[in-house]
Every structure is written in C-alpha cells, then in structure tokens.
Amino acid sequence: MSFWAGKRVLVTGHTGFKGSWLSLWLHDLGAQVFGLALEPDTTPALFEQLSLADKLDHRIGDIRDAKLVRDRVAEARPDVVFHLAAQPLVLASYDDPVANWDSNVMGTVHVLDALRQLDDPCAAVMITTDKVYENREWLHPYREGDRLGGHDPYSASKSACEIAIASYRKSFFMDHPVQVVSARAGNVIGGGDWAADRILPDIVRALSAGQPIPVRNPYARRPWQHVLEPLAGYMRLAERMSAAEQVADAYNFGPETHDVKAVGDLVQGALALWPGEWLDQSDPNARHEASLLSLGIEQARVDLAYAPRWDFACGLAKSVEWYHAVHEGADPLSVTRAQIAEFGAP
C-alpha cells in the first residue's frame, strides 16, 4: 500500500461511480489525486455523497476538449493515469450515438495524445469494457486476443478505443517514458451507483419506494463483480507498470467463469436481502443487448497475481448492504471506507 503514498495520480471520470470509489481509495492511501470529469449527472451522486471535491484536486471539464485535456495532463504531471471518463451506458448510446462516439473515442485519443508530452515515467491504465469483444454468444470466456467488435454504438465505440490505444502504443509509446495498457472489466456493481438503466440502481430505487422492480432482460448472463474487484486490478497493474515489470498490452478483470450469473439471479439475490417484488418487463422488440458474456482472467491471474476476492453472492451482499445502510441514514463515506478496509489492499 505504501506504493501510493505521495504518487501524483490523474483520474479522468473521477466524478462517476467507479471514479469516485477509486479516487477515495487512492486518497486514503496517500496519493495526490487530480481529477478531470464532467459534473456528476445523477441525483444523488456518489462523488457528492463522499465529499470528494474537498479531498482531491478537482477539475470539471470535458475530455472532448483536446486543449483542456492537454493542459490538465501537463498540470498534473502524473506518475499514474487512470482513464475512466466515457459515455458508459448501452441504451444511452442509441439515443445519441454521435456524442457517444465523440466522448469514448476522441476523448480517449485526446488523453493519449496529451500523454505524449510527458518526459517522466508514467503508467497509463486505459479502462474500456468487457463489451469490446465481437460477441458471438459463446459459452467460453473471451480472452484478450479474441476479435474486437460491437453491435450497439457503445460497444463498437469501446472497441474502437482499443484500436486507438493499440495504435498510439505502437506509434508513439514503444520508446517513451509513458507506458500504456488497456483494462477491460466486467459488469460492475456496488453501493453508490445511481445511473439510469442499470439493474442494481433500478432495484434500489424500486425497493426504496416500495415498488416492484422492473426487469427488462432477466435471462441475460453477465460477469458481475463488486466495484472494488476491477479497481484493485487496475491499481495492481499500475504498480507493476511503474516497477518496469513486463506486462501485456491488455487485461481482463472479472469473476471466475462459474460465477457468471443471470440478471434474474441478481434480482432474486437482492430480494433475499431486501424483500420486495419484481416484474418481468421483457420486450422482444427492445434494442439489442448481448445475452451471454463472460471474461477469461487467466492473463491477469498469471501476470498480476490477480484473483477475485468477493464472489457473486458476497459482492451483491456488500452492494445491497451499502444501499440499505445509507437508506436507513448511515453516512455514505463511513460505509464506503468500511467496505474498502474490509476488502483489503489493492
């Protein structure tokens, strides 16, 4: 844990769900965290619940602004970069595909291009998604070398991000103090996610209001994992990169294959912890979403000694515990810090 003390760390997307958990964890480990992100777009917002604006070098800005990104990187002079800023929702990508592509692809390119100006070593972890793979509804997990692709605008744009990252790595960072690696995480759950059209926030909103949970795709299987799982993987990866250890170009972070569960399993598991009801709102004419998706994590297991700590049942229990405690009046910052402490070191 002492690795992070005094490190200058730039987190793009620090006002989001994953960015807020990561920024607090880094701050509490002694890092000097620099943020660049849009204003939180949910009410409530975890960033505000954790009072992170008072703990970080907080900057509001749009990664689609190339000069702003370049200036922020120069100002931060980071030892480590975690690039999380993105348009993160599949359904939202259908509503505004141009903004989705602009944010996800050109925003990533702006970060990569800004990193070229750095003269000192920097470990840049570029976070994409499990949806970068051309999904053929295979039973076996997707591995880092499998073909990229995407049906919906979100998945396709994230696949394009991977191509851009690879291009910049080969063109500019082979003989450069900045090292660039991409990280692909499975579906993340955890306390403080308030986004629309995500199943766990939908569950919590319904249960808090005493209403049935609307479930649009109960049989879809996903690599669910608690938010601390991939964040620990990102941090472990950055540590190895900073130590000049040999790493691959990309890593998957997800649960064990046997722990990939259906949406219905997540709903039933949540209801066992916070009683209520659910309604099947499946629509055969709904916009396309993958039915089956899992990730192979052997490369991270071998190279980074990475392995999931909280299985599906535990991760779901910790997530529901967070929401229920906050719903009952607990301090979100205290609950979040307690779960980070329980999870352990990165």
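Analysis parameters
- Residues numbered from 1 in each chain as written.
- Predicted model: local features only at pLDDT ≥ 70, side-chain atom pairs only at ≥ 80, totals over all residues.
- Heavy atoms only, no water.
- 1 Å grid on protein atoms, 1.4 Å probe; cavity = no way out; pocket = protein on both sides within 12 Å on 5 of 7 lines; lining within 4 Å.
- Points joined across faces, edges and corners; volume = space filled by probe spheres on them.
- Helix = DSSP H or I, 4+ residues; strand = E, 2+ residues; numbered from the N terminus.
- Nonpolar A, V, L, I, M, F, W, Y, C, P; charged D, E, K, R; others polar.
- Expected span 1.5 Å × (residues − 1).
- Buried < 20%, exposed > 50% of the residue type's maximum accessible area, 1.4 Å probe, protein only.
- UniProt positions renumbered as here; feature names shortened; annotations may be inferred.
- Pairing = 2+ DSSP bridges.
- Axes fitted to C-alpha atoms, helices over the stretch in contact; angles between N-to-C directions.
- Contact = heavy atoms within 4.5 Å.
- Phe/Tyr/Trp six-rings, centres within 6.5 Å; stacked < 30°, edge-to-face > 60°.
- Lys NZ or Arg CZ within 6 Å of the ring centre and 35° of its normal.
- Parallel < 35°, antiparallel > 145°, perpendicular 65-115°, else oblique.
- Left-handed = near helix turned anticlockwise from the far one by under 90°.

An unreviewed UniProt entry lists the protein chain under the name CDP-glucose 4,6-dehydratase, with Falsiruegeria mediterranea M17 as the source organism.

J.: Where do I start with the layout of surface pockets in this structure?
T.: The method is simple in principle: a probe with the dimensions of a water molecule rolls over the atoms, and the space it marks as empty is what remains. What the second largest pocket holds in volume is close to 460 Å³. F173, V178, Q179, V180 and M241 are the residues nearest the centre of the second largest pocket, which is lined by 22 residues in total. If you list the elements that add at least two residues to the lining of the second largest pocket, you get β4 (122-127), α6 (153-172), β5 (178-185) and α8 (228-242). If you tally residues by element for the lining of the second largest pocket, the top one is β5, at 4 residues. Tallied by class, residues from the lining of the second largest pocket come to 13 nonpolar, 4 polar and 5 charged.

J.: What is the right way to read helix α1 (residues 17-28) from this model?
T.: Because each turn of an α-helix spans 3.6 residues, side chains separated by three or four positions end up pointing in the same direction. Taking 1.5 Å per residue, 12 residues should reach 16 Å; α1 reaches 17 Å between its end C-alpha atoms and fits that length. Three or more residues of α1 are buried, namely F17, K18, G19, S20, W21, L22, S23, L24, W25 and L26.

J.: Hey, could you run me through the UniProt feature "domain: NAD(P)-binding" (unreviewed entry) in the protein chain in this one?
T.: Residues annotated by UniProt as "domain: NAD(P)-binding" (unreviewed entry) correspond here to residues 10-271. Secondary structure within residues 10-271 divides into 40% helix and 16% strand; the distance between the first and last C-alpha atoms comes to 38 Å.

J.: Could you clarify how one ought to interpret the environment of V181 in this entry?
T.: Take V181: it is sitting in strand β5. Take V181: its relative accessible area is 1%, and that puts it in the buried class. Placed 55 residues apart in sequence, V181 and M126 show a C-alpha to C-alpha distance of 6.1 Å.

J.: Explain the sheet that holds β5 to me, please; I cannot follow it from the model alone.
T.: Note on sheets: strands pair through backbone hydrogen bonds, and any given pair is parallel or antiparallel. Spatially, the 6 strands line up as an open sheet ordered β2-β1-β3-β4-β5-β10, and their pairing is parallel. A strand with exactly one partner marks an edge of an open sheet, and here the two such strands are β2 (32-36) and β10 (250-253). Between one strand axis and the next, the sheet turns by 20° as a mean value, whatever way the strands run. Relative to the sheet, helix α3 (residues 66-76) contacts β1 (8-12) and β2, its axis offset from that of β2 by approximately 175°.

J.: Is there a simple way to think about the packing of aromatic side chains in this case?
T.: A ring pair, where both rings are aromatic, is described by two values, the distance of the centres and the angle of the planes. Scanning all chains against the criterion turns up 12 aromatic pairs. On the numbers, 5.0 Å between centres and 80° between planes, the contact of F253 with Y306 is edge-to-face. Of the two residues, F253 is situated in strand β10 and Y306 in the loop between α10 (298-304) and α11 (312-327); the sequence distance between them amounts to 53 residues. Overall, F253 belongs to the buried group, its relative accessible area being 0%. Y306 sits in the buried class, given a relative accessible area of 5%. Here the aromatic cluster, defined as three or more aromatic residues joined through ring pairs, consists of Y234, Y251, F253 and Y306. Of note, K7 hangs over the ring of F3, and the distance from its end group to the ring centre comes to 4.3 Å. The lysine or arginine in question, R116, covers the ring of F172, its NZ or CZ lying 3.9 Å from the ring centre.

J.: How should I be thinking about the environment of S294 in this particular structure?
T.: The residue S294 is located in the loop between β12 (278-280) and α10 in this model. Accessibility expressed as a relative area gives 5% for S294, which makes it buried.

J.: Would you take a moment to explain the packing of α1 against α8 for this structure?
T.: Axes are the key here: two packed helices are described by the angle between their axes and the distance separating the axes. For the pair α1 and α8, interaxial distance at closest approach is 10 Å and the crossing angle is 55°. Our classification of the angle between α1 and α8 gives oblique. The way α1 lies across α8 gives a crossing that is right-handed. Residues K18, W21, L22, W25 and L26 of α1 pack against L228, L231, A232, Y234 and M235 of α8. Split by residue class, the contact of α1 with α8 holds 9 nonpolar, no polar and 1 charged.

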